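Each chain, letter by letter, is given below.
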Amino acid sequence: MTLLPANATAFERAIEASVARVSDVPVPLRQLVDPDTCPAAQLPFLAWALSIDTWDSDWPDAIKRARVRSAISIQRRKGTVASLRDVIASFGGAVAVREWWQLTPPGPPHTFALIVSLDGIVRPEATAGYAEAVIAEVARTKPARAHFTFSQALSTAGALGVVAAARPAVQARLALAA
């Protein structure tokens, strides 16, 4: 079936034939907009579409997918403590947030302190540049009038072992005669 009039030219019929075949090309839109199934090469475009402010091609795929997955919730609650937690969680870290009124004594109004541990899934990537990217993203997400201090926590795991050594000793008492 054609929508062209009876007096259509051969060129117009050729265009119609070529466009008719375009609909046969599969376009997996659901797969392309899902951060878990999107091909890694297409993730930067999905991040751009979701208004992610920073993107680094050197990040591991897990971080890239986590950033895209949390983009909507971060944008929806931008300027709240929950969005700060989401931002840092998307980088693979854990955070403790202390607002000015929670400190003893209370700090200056509209300030907060972040203690961030980036040891989660990004242990090899937790470099100074990576921490700077986290700080920059927190600065974009925080309330505009608020100021913050950033402390990076380090955690280590290990085991304590008990080591004992025995050394034989001989004690002798000398008596002095006068």
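Structure: above.
Described in the following lines is the structure provided in the data block. (Residues numbered from 1 in each chain as written. Predicted model: local features only at pLDDT ≥ 70, side-chain atom pairs only at ≥ 80, totals over all residues. Heavy atoms only, no water.)

The next subject is the packing of aromatic side chains. Inspection of every chain in the model, using the stated rule, returns four aromatic pairs. Seen in terms of ring centroids, Phe112 and Phe148 are 5.5 Å apart; in terms of plane orientation they differ by 15 degrees. Their pairing is stacked. Note that Phe112 is positioned in strand β2 (residues 111-117) and Phe148 in strand β3 (residues 147-153), a separation of 36 residues in sequence. Classification of Phe112 as buried rests on a relative accessible area of 9%. Taking relative accessible area as the criterion, Phe148 reaches 22% and is therefore assigned partly exposed. Through a chain of ring-to-ring contacts, three or more aromatic side chains come together here, namely Trp55, Trp59, Phe91 and Tyr130. (Phe/Tyr/Trp six-rings, centres within 6.5 Å; stacked < 30°, edge-to-face > 60°. Helix = DSSP H or I, 4+ residues; strand = E, 2+ residues; numbered from the N terminus. Buried < 20%, exposed > 50% of the residue type's maximum accessible area, 1.4 Å probe, protein only.)

So, on to unusual backbone geometry. The residue after Thr104, namely Pro105, is reached through a cis peptide bond having omega -5 degrees. A positive phi angle, close to 60 degrees, is found at Ser51, a residue other than glycine. Mapped onto the secondary structure, Ser51 falls in the loop between α3 (43-49) and α4 (61-69). We note that His110 has phi near 65 degrees; this positive angle belongs to a residue other than glycine. Here His110 lies in the loop between β1 (94-99) and β2.

Read across the open sheet, the three strands follow the order β1-β2-β3; overall the sheet is mixed. Strand pairing shows two members of the sheet lacking a second neighbour, β1 and β3, which therefore form its edges. The average undirected angle you get between the axes of adjacent strands in this sheet is 20 degrees. For β2 and β3, the ladder comprises seven bridges, and the chain directions are parallel. In the strand pairing of β3, Phe112 is matched with Phe148. Sheet strands in contact with helix α6 (residues 81-90) are β1 and β2, and its direction is about 155 degrees off that of β1. The strands touched by helix α7 (residues 128-141) are β2 and β3; relative to β3, the strand with the most contacts, the crossing angle is about 150 degrees. (Pairing = 2+ DSSP bridges. Axes fitted to C-alpha atoms, helices over the stretch in contact; angles between N-to-C directions. Contact = heavy atoms within 4.5 Å.)

Generally speaking, a soluble globular protein has its nonpolar side chains buried in company with each other. Residues Phe91, Leu114, Tyr130, Val134 and Val138 are the most contacted members of the largest nonpolar core, which totals 18 residues. For this core, the element with the most residues is α7, which contributes five residues. Residues contacting Val134, with those up to four places away along its chain left out, are Ile88, Phe91, Leu118 and Phe150. Among the nonpolar cores identified, the runner-up in size contains seven residues, and Leu43, Leu46, Ile52 and Val68 belong to it. (Core = buried A, V, L, I, M, F, W, Y, C linked by side-chain atoms within 4.5 Å.)

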